[in-house]
Amino acid sequence: RRVPYVPGSSLAGVTRSLYEMIVGGCLRVFNADFVPGYRDQAVARGPEWTLAQVESVDGEGCPTGLHLCDTVVWVPAPELAKVLGGPGNVVSGSSVEVVNWERKRLGGGVERLEATSERHVRAGEGWVVLVTDAGARKKRKSYFCAVGRLSTDVGSQRIGLADEEVWADYLASVDETDDVRLARASGTLRPKQAVEADVTYMFADGTRMVGRRHEARPHLFEGQVLWVRVGERSTSVAGREMRVPVVTGLALSAIWRHPGVGRGGRKRGTAGQRVPPQLRPCREPDDLCPACRVFGSVDAEGAEEDQGAEQRSYRGHVRFSDAVPLGEVATRPYDLAPLGAPRPGAGQFYLRNRPGDTAARGTPLREWGSAADRAEPRRLKGRKQYWLTGRFAERPLDRVTDKPFEGKLAARAEAVVEGSVFAYRVHFEGLTVREIGGLLAALAPGEVLADQVPHDGGDTVIGIAVGGGRPFGFGACTTRITGMRIDDARSRYLATGPPDVSAAAALQAFAEAVDGGVKATWPSLAAALHLDHVDPGKVWYPPAEAIPAGPLKKQDLEPGFEFWRQTRGFEHTHGTDRLVALPDADAASQELPVKRREQRERTAPRPGRSGGRQGRRR
C-alpha cells in the first residue's frame, strides 16, 4: 500500500531555510545576476528600430547574424491572408512583396507606413512578416502585422550584436513572459525549432484567427523575425576607420519588454547588488556563514576567467531521516488554482522603497532601475515567507465551489489530512553547544520565537511550512522535539556518561550568541510563522474585488490588474498611480487596497474625478 512520507531532503531544506533566517546566514540559493523584465509603455518605437530576420545562431540560440530591413510597412492581417492562402499561412517569417504604401498619421503625432489596399500586397519575396500576440491590443479594431523589406545592402546583412549585454537583456526581458513560464512548467523550454502558436483577435464582427506567431523562448532560431535597435561602432578595415552597424537591442514585438537595469546597464542594479555583501552565497570553506558552517556549502559559481575549475565545498554536519507517519494517515485530493513562479520584478512587494518616493514620469517606480534607484539600488525587502494557517477551510481556495480550475498552470494535488503526525530523526556531529541550540531552534522555531510575535491577538502557535502549495495555505505544520542525546568521544568510546547538555541550555546559549541586528528581525519572522497571524479568509493575491465571506466562485478570485497598474508609482497623462508597498511582516495591519478602474486618481487639472471608497483585503 502507498504510505505518505516526507523525504529527508525536504526536511533538510526547510530546516536550513529557517536556520538561515534565525542566525542571519547567507542566501545559499540565490541568482546574483538576476534582473527582471517589464512590459514596455505603449509608445511608438524610434527610427533606430527596424525589423530583422535571424540568419544564424550559436549553440545557445544567441543570434550571430541578422539581416536588417530598410523599410517597415504595417499591413492588415486579412490582406496578408488573401495573399498567402488563409490565416493559417500568415506565419512569422513568411515572405510577401509590398508594392505600394501610404503614410498614416496616428494619435500623438506618430506616423507610420501602411499598405491597406489589396493592390498594395502580393505574393512574392523580399519582405518578411512578423506576427505577434493579440493580448495587449485594443479589441474590435484592425489587426496589423509589421512587414519588413530585407535590405539588399551588403552592410546590412549578417549583422552581429554590439556586446554580450544585448543578449543578456533579451534573456532578462523574455524570462517572465507567459510563454516561458508555461514552457518551463511543461518541460518544453528548449525546443529544437521555433514553436508556433495561433493568434486570434476580436474584430468588430467577431473573433477569428489572424495568423501564427513564434512563441517567446530564451533562444532564437534561424528564420525568425523580430525588432532590433541598430547602432554603430568603429572598426578598422585595411587600415581605415569605418563605422559599421551593430544591433544594440532585441524585441519580439513593437511593444515588447525591457530589463530592469536602468542607467549603467548590468553593472548596476542586479539582485546581487541589492543585498548586503555579507549575504552573498559563501564560496570559501574557511570563511563560512553560520548556516553553511552547520549545513554545508557548495560553490555553484563558475570558474574565474582564464582559470581552471576548482571545487570549493564544505560538507555539512547534519543528516535527516525521512519523516514517516505515526499510525494511519489519510489523504485528500485538491484542485489547485493556476500558480506560476514568483515575480521578483514587482518592486511594490520585493524592494525596500523609500517613503518619499510616490510616483515618477518615464519609468514606473515599481521597476528595478527606475528613478527610485537614483542614489543606489534599492535593497531587496527580505527573505520570502507565506502566511501560515491552522484554519485551512477558511482560506479562499478551499471555499471555491465551482472547481476545477482551468489553465495550463492549474494542478491537482494530494495532501494528508489535518492532524496527521510524522516523526523523523536528525543526526549531527562536530557542532558546538551554540550550534546545537541553533539547530533545535530551526527544528522547533517556537522555542525562540514564541515571545517575539508582534500584535498577538490569540494563541501563540509557531509553525513551519513543508511541501508544495504554500501560497494556498498547504504544508503548515507544528513541531516539537521529543528527545535528544549528545555524545562526545568519552561517552561514545569509553562508556562514560553523556555530556551534561540539555536542550534548554543549548537554546539559551544560542539565543545569547545571536547578533543583535539579526535578532531584531525575529519579530518579523515570528509574525510570518505564527499560525493565522492574519485573517485566513483574506489571504490571496490582489483580486479585482474584495473577497466576500462564505462560498466563492472562481471569478471571485480573478487577479486584479487594476491593483498592479494603480500601485506602480507612475505619472502619466491621465493621472498618477502612486506606489503602494507591501507592509512589513511585523506591521499591525497587512491590508492592501482593492483598486477599481473608476477609482483611479486623476491629475490636479481634472477636479472632481477622484475615486470613491476603497475596499480592503489582506
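Worth saying up front: this structure is predicted, and the values here are computed from it rather than measured. Numbering of residues begins from 1 in every chain and follows the order in which that chain's sequence is written. Residues qualify for local features only when their pLDDT is at least 70, as the model is predicted, and side-chain atom pairs are given and counted only at 80 or more; totals for whole chains, interfaces and linings, by contrast, use all residues. The side-chain values count all of the structure's non-hydrogen atoms but skip hydrogen atoms and water molecules.

Peer 1: Requested: an account of the overall build of the chain, with residues and values cited.
Peer 2: Helical segments are the DSSP runs of H or I of at least four residues, strand segments are the runs of E of at least two, and each set is numbered from the N terminus. Secondary structure summary: the chain contains 13 helices and 27 strands in total. Principal-axis analysis of the C-alpha atoms places the extent of the chain at approximately 95 × 65 × 55 Å. When the 618 residues of the chain are sorted by exposure, 44% land in the buried category. Whether two residues touch is decided by their heavy atoms; if any such pair falls within 4.5 Å, the residues are in contact. Pairs at least 24 apart in sequence give 73% of the contacts found in the chain among residues at least 6 apart. Values of accessible area rely on a 1.4 Å probe in the Shrake-Rupley scheme; residue burial ignores everything except the protein chains shown. Of the roughly 32800 Å² that the chain leaves accessible, carbon and sulfur atoms contribute 49%. Think of it this way: Lys and Arg go in the positive column, Asp and Glu in the negative one, and His and the chain ends go nowhere. Lys charges are placed at NZ, Arg charges at CZ, Asp charges at CG and Glu charges at CD. Taking the average place of the 87 positive charges on the side chains of the chain and the average place of its 78 negative ones, the gap between the two points comes to 5 Å. Working definition: with a 1.4 Å probe on protein chains only, accessible area under 20% of the residue-type maximum means buried, over 50% means exposed, and in between means partly exposed.

Peer 1: Residue-level account of the packing of aromatic side chains, with values.
Peer 2: Whether two aromatic rings pair depends on their centres lying within 6.5 Å, for rings of Phe, Tyr and Trp, where Trp uses its six-membered ring; planes under 30 degrees apart make the pair stacked, over 60 edge-to-face, and the rest tilted. If you walk through the whole model with that rule in mind, you get 15 aromatic pairs. Taking the centre distance of 5.1 Å and the plane angle of 90° together, the rings of Phe563 and Trp564 count as edge-to-face. Owing to a relative accessible area of 1%, Phe563 belongs among the buried residues under this scheme. What links up through ring pairs into an aromatic cluster is the set Tyr143, Tyr201 and Phe203. Over a ring means this: the NZ of a Lys or the CZ of an Arg is within 6 Å of the ring centre and within 35 degrees of the ring normal. Taking the ring centre of Phe144 as reference, the NZ or CZ of Arg112 above it sits at 4.9 Å.

Peer 1: So, the nonpolar core: which residues are in play, and what are the values?
Peer 2: Ranked by size, the top nonpolar core spans 44 residues in total, and within it Leu449 and Trp522 carry the most contacts. Looking at which element gives the most residues to this core, the answer is helix H1 (residues 8-23), with seven residues. Among all residues touching Leu449, those that are not within four sequence positions of it are Ile462, Trp522, Leu525, Ala526 and Leu529. Within this scheme, the nonpolar core is defined by two criteria: the residues are buried Ala, Val, Leu, Ile, Met, Phe, Trp, Tyr or Cys, and they are joined through side-chain atoms within 4.5 Å. With 35 residues, the next largest nonpolar core counts Trp49, Ala52, Val128 and Leu189 among its residues.

Peer 1: Go over helix H4 (residues 178-186) with me, naming the residues and quoting the values.
Peer 2: Turning to H4, its buried residues number three or more, namely Asp179, Val180, Arg181 and Ala183. The first or second residue beyond H4 is Gly187, which carries a positive phi of 75°.

Peer 1: Mind laying out H1, listing which residues take part and the relevant values?
Peer 2: Helices are assigned an expected span. That span is 1.5 Å times one less than the residue count. A rise of 1.5 Å per residue sets the reference length of H1, with its 16 residues, at 22 Å; its end C-alpha atoms lie 22 Å apart and thus fit the reference within 8%. Every buried residue of H1 is accounted for by Gly8, Leu11, Val14, Thr15, Arg16, Leu18, Tyr19, Glu20, Met21, Ile22 and Val23. Two residues or fewer after H1 comes Gly24, characterised by a positive phi angle close to 75°.

Peer 1: Please provide a residue-by-residue account of the side chain of Glu435, values included.
Peer 2: Secondary-structure assignment places Glu435 in helix H7 (residues 433-443). The class of Glu435 is buried, set by a relative accessible area of 14%. Excluding anything up to four places from it in sequence, Glu435 contacts Tyr19, Arg293, Val294 and Gly430.

Peer 1: Lay out the pairing of strand S4 (residues 95-98) with the relevant residues and their values.
Peer 2: Judged by which residues are buried, S4 turns out to be one-sided: Val96 and Val98 face inward and are buried, whereas Ser95 and Glu97, on the alternate face, are not. Note that S4 and strand S7 (residues 121-130) share four bridges and pair antiparallel. Its bridge partner being in S7, Val98 is matched across the sheet by Val121. Between any two strands, at least two bridges found by DSSP are needed for them to pair.

Peer 1: Help me get a handle on the confidence of the model for the chain, residues and values and all.
Peer 2: Per-residue pLDDT for the chain has a mean of 89; in total, 94% of the residues score no lower than 70. Counted against residues more than four places away or in other chains, residues 604-618, with its pLDDT under 50, gives 39 contacts. Confidence of the predictor in every single residue is expressed as pLDDT, which spans 0 to 100.

Peer 1: Lay out the pairing of strand S2 (residues 49-57) with the relevant residues and their values.
Peer 2: Counting buried residues along S2, seven of its nine residues qualify, which places the element largely inside the surrounding structure. Adjacent in sequence and paired antiparallel, S2 and strand S3 (residues 63-76) are bridged by five residues, among which Gly61 carries a positive phi angle near 85°.

Peer 1: Could you give me a rundown of unusual backbone geometry, with the residues and numbers involved?
Peer 2: The residue after Lys403, namely Pro404, is reached through a cis peptide bond having omega 0°. In this structure, Arg158 is a non-glycine residue whose phi angle is positive, near 55°. Turning to its location among the elements, Arg158 is positioned in the loop between strand S8 (144-150) and helix H3 (164-174). Residue Arg158 is classed as exposed on the basis of its relative accessible area, which comes to 51%. You will see that Ala495, though not glycine, has its phi angle at about 60°, which is positive. For Ala495, the location among the structural elements is in the loop between helix H9 (489-493) and helix H10 (503-513).

Peer 1: Could you give an account of the packing of H7 against H10, with specific residues and numbers?
Peer 2: Working convention: axes come from line fits to C-alpha atoms, limited for helices to the stretch in contact. Angles between N-to-C directions cover 0 to 180 degrees. Taken N-terminus to C-terminus, the directions of H7 and H10 make an angle of 100°; their axes are 7 Å apart at the nearest point. Taken together, the axes of H7 and H10 lie roughly perpendicular to each other. Residues Val433, Arg434, Ile436, Gly437, Gly438, Leu440 and Ala441 of H7 form the contact with H10, whose participating residues are Ala503, Ala506, Leu507, Ala509, Phe510 and Ala513. Any residue that is not Ala, Val, Leu, Ile, Met, Phe, Trp, Tyr, Cys, Pro, Asp, Glu, Lys or Arg is counted as polar, Gly included; the first ten are nonpolar and the last four charged. Considering only residue class, the contact of H7 with H10 consists of ten nonpolar, two polar and one charged. By definition in this entry, angles of less than 35 degrees are roughly parallel, angles greater than 145 are roughly antiparallel, angles of 65 to 115 are roughly perpendicular, and the rest are oblique.

Peer 1: Which residues make up the environment of Ile159, and what are the values?
Peer 2: Position of Ile159 among the secondary structure elements: in the loop between S8 and H3. Classification of Ile159 by relative accessible area gives buried; the value is 5%. The spatial distance from the C-alpha of Ile159 to the C-alpha of Ser253 is 19 Å, given a sequence separation of 94 residues. Those residues in contact with Ile159 that sit more than four places away from it in its chain are Thr64, Gly65, Leu66, Leu68, Pro245, Val246 and Val247.

Peer 1: I'd like to hear about the pattern of salt bridges, residue by residue, with values.
Peer 2: Basic side-chain nitrogens of Lys or Arg form a salt bridge, by our definition, when they fall within 4 Å of a carboxyl oxygen of Asp or Glu. According to the stated counting rule, one finds 36 salt bridges in the structure shown. Close ionic contact of Arg103 with Glu111 constitutes a salt bridge, the shortest N to O distance being 3.7 Å. With a closest N to O distance of 2.1 Å, Asp198 and Arg212 form a salt bridge. Highlighted residues: Asp198 in strand S9 (residues 196-203) and Arg212 in strand S10 (residues 206-214), separated in sequence by 14 residues. Taking the relative accessible area as the measure of exposure, Asp198 reaches 48% and is therefore partly exposed. Through salt bridges that share partners, Arg16, Glu20 and Arg383 make up one connected network.

Peer 1: Just give me the short version of the state of the cysteines, but keep the residues and values in it.
Peer 2: Joining two cysteines, a disulfide is a covalent bond between their sulfur atoms. The criterion for a disulfide is a pair of cysteine sulfur atoms lying within 2.5 Å. Enumeration over the complete set of coordinates arrives at zero disulfides. The closest cysteine sulfur to the non-disulfide-bonded Cys282 is located on Cys289, 3.7 Å from its own sulfur. No disulfide involves Cys292; its sulfur sits 3.6 Å from that of Cys26, the nearest cysteine. Residue classification places Cys292 among the buried residues on the basis of a relative accessible area of 0%.

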